[in-house]
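Overview (structure and organization)
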Amino acid sequence: MSRVIILNDIYDVRGTGGVKFRQHFCTDEEREDMAEKHVFDKSVEKELNNTAPANGNYTSGRYEGNSKYNFWSRYMGPYCVANSIRENCPQMDVVVLDYFTKLDNFFEVFEQLVTPDTEYVALSVTFLNNPFNPKQKDFNLWHFSQEECLDWFQRVKEIAPKAQIIIGGAIVDTIYKQQIVQKKKMPMAPVILKYVDYMFHGYSENTIVDFFNNNLDPSQIIEKDSVIFINEPALAGRGAVVNQTKWSVKDCVQPGEWLPLEISKGCRFGCKFCFYDTHGTVIKSPECLKQELLYNYEHFGTTGYQLTDDTVNDSLEKIEMMHSVITSLPFKIEWISYARPDMFHKYPQMLPLMLEMGCRGMFLGIETLNHTAGKICGKGLDPQKIKGIIKWIRETAGEEVFLTGSFIIGLVGETEESLMDTASWLKEQQYLNKAQYEILFIADDGGRTSNQFSESQGKYGIHELRWNPEYYWKHATMDLIRAKEIALQWEDMLSDHSYTGFERHADYNTSFWAYPRLRSFGLNHNTATKVLSSTQIPDIVYDKNLEWISKYHSDIINTNQLSVEARLVDLSPNNMRAAFGHTGA
């Protein structure tokens, strides 16, 4: 039996307690400073390896950095792919290693996972992009330099010399767009050309099966500069399907863990700022959904879910289907998801159905309270009605639902006056547990990410878009510089809100999507909501998160019968003082 090892993780800035800025919010100097601090961090780690005692209570792997890792749940994509392989390729043995960037002794673990029959090593790179990387387009992934990335892949190949490297995920989709669709004359990164054998474009659940079973259509195979692209043309609404994901014992589902659950793919709304699949929606059948929920409960006791749907309430029919399935179960479930507030205006009957079937949180894509900007970007309902809907949701649900409102500063058509009016409303309201903002991002200079704004700049009045010497955009009502200034004004106004927590969207470990992990720890709804709405996360929560991740890795090691020595590097202030006589700051 041939083995494929799938590596999965979400990038995390160690030691910060979350990502403070998105890459395009930082100046070049700030990004370079992050890189310098990373080099220092590596040197500190080296010293600690020689001076710090191992922590005998740690049973899975040694971590670099302190305990402030993000609280995000597992990313669903690789598990969908793994499930397809397990169901349709009996000749393949699949091992998914999650949170792998947090293992400082990753190569020790990886070396023991590699068998003589290991033919493929696959990376899911959707969330493995370092936002502080000074040279984003170099494809450095979670590293700070191409050299560091090259060294990592070289070590992988030394350990698994016969294995071919596969990468997939959203970053691959944009590279495919550049190289194959747009035929741009720009070289791919050296690490891709030297080490990557296959790049899978699209959802890949079907093509990975055809690939391993030698059933690919020749039209799906495209070679470019020694790299083979495998194209899955199916998109949501255009041939993609949503199958049951059967979690395996080998995935080491933890007791009480909230799992990701995919009920639909894609989004039919087509917001102009969005980078993802906006070609429509395809929904899981009610029979498949019920079978999956029963399977997870019977095998793992699962009753909590993070829905991965781009919009849970995109149609009344879908909500009614979900309600029928979930309320027919012999147990109750809880879940959180993305939702559009404007859909409640058209279908107010959605809300009681959602509450009755276990909704515990909604990430509301508000984005703007400027009517002109909303109509341009795809959020066209009158802002006064949006405000009324948010008030109505809170009054209907009480404190039983965690509500986060998402905003984008700098949308086309937005003005300084309307943004400050929005800040004033946010300061006065008492409905949202959390408000998150992001600065408008259009595209980078290589087209690595793009949306309708970047592809039709003239149509939307974007007069200037550049990356060098610094990222910058300008449209008729605002530019990036002013948007950053307004963001800081928002923070000054809202940082001490009596009810609503306020933060940048990229603060991963304190975001809405940390809720499932906190519930997986055993926190109840009210405590989890309070933690995520607070201005500072208690250290005990970070410690519990580290314990949870280490327990997962311990189970991976035991399940695969590995013999890796477990060590923990402690970079807490007290240990730094003991080792160096100062905090290292």
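Residues numbered from 1 in each chain as written. Predicted model: local features only at pLDDT ≥ 70, side-chain atom pairs only at ≥ 80, totals over all residues. Heavy atoms only, no water.

For the protein, the count of helices and strands is 20 helices and 19 strands. Buried residues in the protein amount to 59% of all 585 residues. In the protein, 79% of the contacts between residues at least 6 apart in sequence involve partners at least 24 apart. In the structure as shown, the protein presents an accessible area of about 23,600 Å², 50% of it carried by carbon and sulfur atoms. (Helix = DSSP H or I, 4+ residues; strand = E, 2+ residues; numbered from the N terminus. Buried < 20%, exposed > 50% of the residue type's maximum accessible area, 1.4 Å probe, protein only. Contact = heavy atoms within 4.5 Å. Areas by Shrake-Rupley, 256 points an atom, 1.4 Å probe, with all protein chains shown as cover.)

The next thing to look at is the pattern of salt bridges. Taken as a whole and assessed by the stated rule, the structure comprises 21 salt bridges. Linking Asp555 and Lys551 is a salt bridge whose minimum nitrogen-to-oxygen distance equals 2.9 Å. With Asp555 and Lys551 both in helix α19 (residues 539–559) and 4 residues apart, this pair spans about one turn of that helix. The class of Asp555 is buried, set by a relative accessible area of 18%. Bridged by salt links that share partners, the residues Glu334, Arg360, Glu400 and Arg519 form one connected network. (Salt bridge = Lys/Arg side-chain N within 4 Å of Asp/Glu carboxyl O.)

With that settled, the discussion passes to the nonpolar core. Leu123, Ile192, Met322, Trp335, Met354, Met362 and Trp490 are the most contacted members of the largest nonpolar core, which has 169 residues in total. A per-element tally of this core places α19 first, with 7 residues. Setting aside residues up to four positions removed in sequence, Trp335 forms contacts with Trp258, Tyr305, Leu307, Val312, Ile326, Met354, Met357, Gly358, Cys359, Arg360 and Gly361. (Core = buried A, V, L, I, M, F, W, Y, C linked by side-chain atoms within 4.5 Å.)

Below, the discussion takes up helix α4 (residues 146–159). For α4, which comprises 14 residues, the first-to-last C-alpha distance of 20 Å matches the rise-based estimate of 20 Å (1.5 Å per residue) to within 8%. Of all the residues in α4, the buried ones are Gln146, Cys149, Trp152, Phe153, Val156 and Ile159. The arc that holds every buried residue of α4, seen down its axis, measures 155 degrees, which confines them to one face. The inward-facing, buried residues of α4 contact β1 (2–8), α3 (106–113), β3 (118–124), β4 (164–168) and α6 (190–195). (Expected span 1.5 Å × (residues − 1). Arc of directions from axis to C-beta.)

Okay, the sheet that holds strand β11 (residues 304–307) next. Hydrogen bonds between backbone atoms are what pair the strands of a sheet, whose relative direction is either parallel or antiparallel. Across the sheet, which stays open at both edges, the 7 strands sit in the order β8-β11-β12-β13-β14-β15-β19 with parallel pairing between neighbours. Edge positions in the sheet fall to β8 (259–261) and β19 (501–504), since each of these pairs with one other strand and no more. Across the sheet, the axes of successive neighbouring strands diverge by a mean angle of 20 degrees, strand direction being ignored. Sheet analysis places β11 next to strand β12 (residues 334–339), joined by 3 bridges and oriented parallel. If you follow Gly304 over to β12, its bridge partner there is Glu334. (Pairing = 2+ DSSP bridges. Axes fitted to C-alpha atoms, helices over the stretch in contact; angles between N-to-C directions.)

So, about the pairing of strand β7 (residues 227–231). Walk down a regular strand and you will see the side chains alternate between the two sheet faces. Here β7 lies mainly inside the structure; 4 of its 5 residues are buried. For strand β6 (residues 221–224) and β7, the ladder comprises 4 bridges, and the chain directions are antiparallel. Each bridged residue has a counterpart across the sheet, and for Lys224 the counterpart in β7 is Val227.

On to the packing of aromatic side chains, then. In the structure shown here, the tally under the stated rule is 35 aromatic pairs. Lying across the ring of Phe107, Arg155 places its NZ or CZ 5.8 Å from the centre. Lying across the ring of Trp548, Arg517 places its NZ or CZ 4.0 Å from the centre. (Phe/Tyr/Trp six-rings, centres within 6.5 Å; stacked < 30°, edge-to-face > 60°. Lys NZ or Arg CZ within 6 Å of the ring centre and 35° of its normal.)

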